Amino acid sequence: MNILFFIFLTAGICYAAAFAFALAAVKRREAFAWFLFFAATGFAAQCAGIILRLFQTEFASPFANPYELFETIACIFVLADIVSGRILKIKFTELFTMPPAALLTLLPLACPKFSSYMQSHTEGFSWLSASHAGLAVLSYCAMLFAAVFAAMGLLQRRALKRKSADEFSSGLLPIPRLEKFTNVSLGMGAAFMTLSMAAGIAAAAGASISPLMMLKFLAGFILCAMQICLFIAVLRRAVFGAQAAKLAILLFAVALLLLAPIELRNFIQ
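Bear in mind the structure is a predicted one, so any value in this text is a computation, not a measurement. (Residues numbered from 1 in each chain as written. Predicted model: local features only at pLDDT ≥ 70, side-chain atom pairs only at ≥ 80, totals over all residues. Heavy atoms only, no water.)

Right, let's get into the overall build of the chain. The helix and strand inventory of the chain stands at ten helices and zero strands. Across the chain, helices and strands are ordered from the amino to the carboxyl terminus as α-α-α-α-α-α-α-α-α-α. When each of the 269 residues of the chain is scored for burial, the buried share is 49%. Carbon and sulfur atoms make up 73% of the accessible area of the chain, which amounts to about 13100 Å² in all. (Helix = DSSP H or I, 4+ residues; strand = E, 2+ residues; numbered from the N terminus. Buried < 20%, exposed > 50% of the residue type's maximum accessible area, 1.4 Å probe, protein only. Areas by Shrake-Rupley, 256 points an atom, 1.4 Å probe, with all protein chains shown as cover.)

So, in structure tokens, the structure goes:
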């Protein structure tokens, strides 16, 4: 069994444990220290796995196949959560960020081809191809943050509707700030994906386009169009409030589904 399997398994289990202790910390703040320990351990393990993979592939792109892509998205997402959480001083974000981090980390391990893919050598990307993939990863991270802030906003609305002010709901940010963070994340996601598509088109210029490559670009264009349309809709207040929050969550769910046609070429080859 590939050592990367056990490294990423450790990271995923640590993220799941971090979520459990974050949940306990809502009532008992002393449990927060254990959350920090498991979150930091999971992040360190995941970084170590990605760095090891880079050494194995002689520093080729860390998202050359679907498994590397998921691990990189999870790693960047956790890092961004740690940094933004400290800067913005948002309480209880770990309750919303650790479950998707654990899922994105552990999901590739469920595929029987994981070990064989991770033992194979990956050819290096051109700088345009690497930019295309890297910007797409940042876009997915931004969409995930939008979904997280949107979920926090929905729970805050639910608490206000029920007129309940427990420690959890009172610790969340006000709805206007959560909406602002959701909208900013949606805008960043749309911008990163637009730049990613531009880099991808430039990288493919002059090359023969296979049907699988056409499918990848079609799925990417659909996702990019959805991101831009939703961002414009929230800016123009065509959708707002709970409806916009639900659409932000739906957008990320659809983005994950679209990874299937986008990465199909890598699975078949």
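That was the structure; now back to the text.
The next point concerns helix 2 (residues 32-56). In this model helix 2 runs 36 Å from its N-terminal to its C-terminal C-alpha over 25 residues, within 8% of the 36 Å that 1.5 Å per residue would give. Where helix 2 is concerned, the buried positions are Phe32, Phe35, Ala39, Gly42, Phe43, Ala45, Gln46, Gly49, Ile50, Arg53 and Leu54. (Expected span 1.5 Å × (residues − 1).)

Right, let's get into the packing of aromatic side chains. All chains considered together, the criterion is met by nine aromatic pairs. Judged by centre distance (5.9 Å) and plane angle (85°), the ring pair of Trp34 and Phe37 falls under edge-to-face. With Trp34 and Phe37 both in helix 2 and three residues apart, the pair spans about one turn of that helix. With a centroid separation of 4.8 Å and 55° between ring planes, the pair formed by Phe77 and Phe145 is classed as tilted. One end of the pair, Phe77, is in helix 3 (residues 66-88); the other, Phe145, is in helix 6 (residues 127-162), with 68 residues separating them in the sequence. Both residues of the pair, Phe77 and Phe145, belong to the buried class. Among the aromatic residues, ring-to-ring pairing joins Phe21, Trp34, Phe37 and Phe38 into one connected group. (Phe/Tyr/Trp six-rings, centres within 6.5 Å; stacked < 30°, edge-to-face > 60°.)

Taken together, the side chains of Arg158, Lys161, Arg162 and Lys246 define a basic patch exposed on the protein surface. Looking at the positive patch, the element that brings in the most residues is helix 6, giving three residues. Within the secondary structure, Arg162 is located in helix 6. A residue is classified by how much of its surface remains accessible, and Arg162, at 58% relative accessible area, is exposed. (Patch = residues over 30% accessible without salt bridge, like charges linked within 9 Å, V, L, I, M, F, W, Y side chains within 5 Å. Salt bridge = Lys/Arg side-chain N within 4 Å of Asp/Glu carboxyl O. Lys, Arg positive; Asp, Glu negative; His and termini not counted. Charge placed at Lys NZ, Arg CZ, Asp CG, Glu CD.)

Positive phi is not limited to glycine here, since Arg237 has a value of about 60°. As for its position among the elements, Arg237 is in the loop between helix 9 (211-235) and helix 10 (241-268). Take Arg237: its relative accessible area is 49%, and that puts it in the partly exposed class.

Orientation of helix 2 relative to helix 4 (residues 94-106), taken along the N-to-C sense of each, is 30°, at an axis distance of 12 Å. As summarised for this structure, helix 2 and helix 4 are arranged roughly parallel, according to the angle between their axes. Crossing of helix 2 over helix 4 shows left-handed handedness. When helix 2 is examined against helix 4, the residues Phe32, Phe35, Ala39 and Gln46 are found in contact with a partner set consisting of Glu94, Met98 and Thr105. Of the residues in the contact of helix 2 with helix 4, the class split is four nonpolar, two polar and one charged. (Axes fitted to C-alpha atoms, helices over the stretch in contact; angles between N-to-C directions. Parallel < 35°, antiparallel > 145°, perpendicular 65-115°, else oblique. Left-handed = near helix turned anticlockwise from the far one by under 90°. Contact = heavy atoms within 4.5 Å. Nonpolar A, V, L, I, M, F, W, Y, C, P; charged D, E, K, R; others polar.)

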